[in-house]
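# Chains, contacts and geometry: an overview
Residue strings, one per chain:
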Amino acid sequence: MSAESPNPNPAPEPTASEHAAVRLEKLHKIEALGIDPWGGRFDGHQPIGTIRELEALPFDDTKPDANPKVIAAGRIVQRRDQGKLFFLDIWDHTGRVQVMLGQKQIGDLGWQLANLLDLGDLIGVEGAFGKTRRGELSIRATKLTILSKSLEPHPTVHFGMEDIEYRLRHRYLDLVHSPDTLTRAKQRVKIIRTMRNYLDGLDFMEVETPTLHAIAGGAAARPFETHHNALDIPLFLRIALELHLKRLLVGGMEKVYEIGRVFRNEGISHKHNPEFTMMELYQAYGDYRSMMDLTEGLIVACVDAIGGGRVRPWADKTVDYSPPFQRARYADLVKEHAGCDMHDPAAVIEAAKKFHLPTAGKEHDVIVNSLFEHCVEDKLVGPVFVHDYPAAICPLTKRQRGDARMAERFELYVHGMELANAYTELNDPLTQEETFKRQLVGMKDEDSMAKMDHDFIRAQRHGMPPAGGLGIGIDRLVMLLTNTQTIRDVILFPLLRPE
RNA sequence: GGAGGCGUAGCUCAGUCGGUAGAGCAACGGACUUUUAAUCCGUUGGUCCUGGGUUCGAGUCCCAGCGCCUCCA
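Residues numbered from 1 in each chain as written. Chains lettered and ligands numbered in written order. Predicted model: local features only at pLDDT ≥ 70, side-chain atom pairs only at ≥ 80, totals over all residues. Heavy atoms only, no water.

It is worth spelling out the sheet that holds strand S11 (residues 275-284) at this point. As summarised here, the arrangement of the eight strands in space is S6-S10-S11-S18-S17-S16-S15-S14, forming an open sheet in which the pairing is mixed. Two strands close off the open sheet at either side, each with one partner strand: strand S6 (205-206) and strand S14 (326-329). Here helix H6 (residues 179-201) sits on the sheet in contact with S6, strand S10 (255-263), S11 and strand S18 (467-473), set at roughly 155° to S10. (Pairing = 2+ DSSP bridges. Helix = DSSP H or I, 4+ residues; strand = E, 2+ residues; numbered from the N terminus. Contact = heavy atoms within 4.5 Å. Axes fitted to C-alpha atoms, helices over the stretch in contact; angles between N-to-C directions.)

Structure follows, in structure tokens:
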């Protein structure tokens, strides 16, 4: 980093609180005992969830070895001192368990260490597992190891993590203290893994394509700009995976997919994060109808994978993911909700005016689409495949054989959210070149779905197979399946303005 | 981009009409070897988001800014 451009995102200053000072002092006291407060390798511990599954036995003080020995590691989340006996609750991502630290049981040095432990410290314990007199599953520690000292105070168990901003800026604490956050993170992993397994089972090949693009195409979005120093060229972070995956179709990869991050330099909302995860797949010799079947199977597999049935809650409503999903023609929906024939220019303009939508200087299909967005989208409960889109807003899509005004495309909607987008891929480089040019005329870059990409056209000119293509927004899928109304809670570290 | 809401102790929150900055938990000191939101006694802890303004006096009212949230485009 050059001297002229200091780090624009400096980390916030460490807390200069009294709490931090007290903990630092304890750290030094631990060091004075000859103990490394930062721990090290710690072998043999089991997940706490697994330990809890052991059959619980009553303690028998006369035979301390009678109960099974366990080793656990976790974060101290609660502490109840009882004179010369401390009860600690330690937590790991699989559960929580009580630990008993007795002065007699853990020895002199162990007891001195025990007195220097705080909420938030990571410890390892070894001891017999059983129940207390009150019936609480506990590890009666005979050995105590500190694995890491926390120099900052942690939220208390029963009054923590209410403030949304605090949770987002301290996601590591949120994971510990908000069970839903950890559960969602695990469900997200499961959904993505299910998707991979499903596609791998269909002989799709997973690939990785570049994130840095010379031309950011494949979607209508403003890209992030960057610069490569050695080549001295501008580069853009990708806004879609599409154009490289299609090049691979030309290369003979007949079934190909990628799950990866895309970046769009746009506003932030409960449905939008500037970087998000897309799954895109392409299947040679398929079309948008075969994509519908695949989409349905894929989504149902994900629904089944996280359990809880196919009728799932969404806010105060529900969504039924039982196949087959409903199908509806775009034109019929426009007719039903906007009250006009989408192929009748005069009727479309009249309808647009009725809903106070701008029409000046806009192409017919663009007006139709704004009618769709304004009148139809919110009413789509779904899951519903909306199919056969106006061609002009689909520059990468093959036109219908009998009606060039329409494109072979569908989107899958659930409660007004676009969950999937698919089409019969345009593989005719001559038409492709035209639609790229046509999109460019009188349109701002960020509004255009297509930017002239000569390298892509050249690839297509070498013979791209007819194909079906599908894109699924992973974040929105996870939102829907985990009943999470904001994208910030399905992304562990959503973008926030630096403090 | 527009409108509204919120911002007070480490955390969760009160704070009346503008009149000494509060509680619970956490922390600190003490008692306690079967507690479990342990209990009991005592103590500490504040840039009231920031900067202006009005006022004898501002957490409170006004203006501007920052951050987050919600809704709208």
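Let's shift gears to the protein's contact with RNA strand B. Around RNA strand B, the surrounding shell holds 36 residues, and the nearest of these are Lys26, Arg134, Arg140, Phe159 and Arg497. With respect to RNA strand B, the side chain of Gln98 contributes an N or O atom lying 2.6 Å from a base oxygen. Here a sugar or linking oxygen of RNA strand B and a side-chain polar atom of Glu165 are 2.6 Å apart. Elements that contribute at least two residues to the surface near RNA strand B include exactly helix H1 (18-32), strand S1 (69-82), strand S2 (85-92), strand S3 (95-102), helix H3 (103-114) and helix H4 (164-169). (Near = heavy atom within 4 Å. Polar contact = N/O pair within 3.5 Å; in protein donor to acceptor, adjacent residues only side chain to side chain.)

Counting buried positions along helix H14 (residues 474-481) yields eight of eight residues, so the element is predominantly enclosed. Those residues of H14 lying buried are Ile474, Asp475, Arg476, Leu477, Val478, Met479, Leu480 and Leu481. A positive backbone phi angle near 55° is found at Asn483, which sits one or two residues after H14. (Buried < 20%, exposed > 50% of the residue type's maximum accessible area, 1.4 Å probe, protein only.)

Below, the discussion takes up the packing of aromatic side chains. Taken as a whole and judged by the stated rule, the model has eight aromatic pairs. Ring pairing ties together the aromatic residues Tyr330, Phe372, Tyr389 and Tyr413, which thus form one cluster. Positioned above the aromatic ring of Phe86 is the side chain of Arg79, whose terminal nitrogen or guanidinium carbon lies 4.6 Å from the ring centre. (Phe/Tyr/Trp six-rings, centres within 6.5 Å; stacked < 30°, edge-to-face > 60°. Lys NZ or Arg CZ within 6 Å of the ring centre and 35° of its normal.)

What follows is about the sheet that holds strand S5 (residues 137-148). In spatial order, the strands read S1-S2-S3-S5-S4; together these five strands close into a barrel with mixed pairing. Going across the sheet, the axis of each strand differs from the next one's by a mean of 55°, ignoring polarity.

This part takes up the pattern of salt bridges. In this structure the tally under the stated criterion is 29 salt bridges. Residues Arg167 and Asp489 are paired through a salt bridge, measuring 3.6 Å at the closest nitrogen-oxygen approach. In this pair, Arg167 is assigned in helix H4 and Asp489 in the segment after H14, connecting sequence segments 322 residues apart. Looking at Arg167, the relative accessible area reads 15%, which means it is buried. Look at Asp489 and you get buried, because its relative accessible area is 17%. Three or more residues joined by partner-sharing salt bridges are found here, namely Arg167, Arg171, Asp174, Arg184 and Asp489. (Salt bridge = Lys/Arg side-chain N within 4 Å of Asp/Glu carboxyl O.)

Checked against the element boundaries, Asp174 lands in helix H5 (residues 171-177). A residue is classified by how much of its surface remains accessible, and Asp174, at 0% relative accessible area, is buried. Non-local contacts of Asp174, meaning those with residues more than four positions away in its chain, are made with Met161, Arg167 and Thr181.

Its 12 residues give H3 an end-to-end C-alpha distance of only 9 Å, which falls more than 12% under 16 Å, the value for a rise of 1.5 Å per residue. Every buried residue of H3 is accounted for by Ile106, Gly110, Trp111, Leu113 and Ala114. Looking straight down H3, one finds its buried side chains confined to an arc of 145°; they lie on one side. Along H3, the residues that are exposed and aim more than 90 degrees away from the buried face are Lys104 and Asp108. (Expected span 1.5 Å × (residues − 1). Arc of directions from axis to C-beta.)

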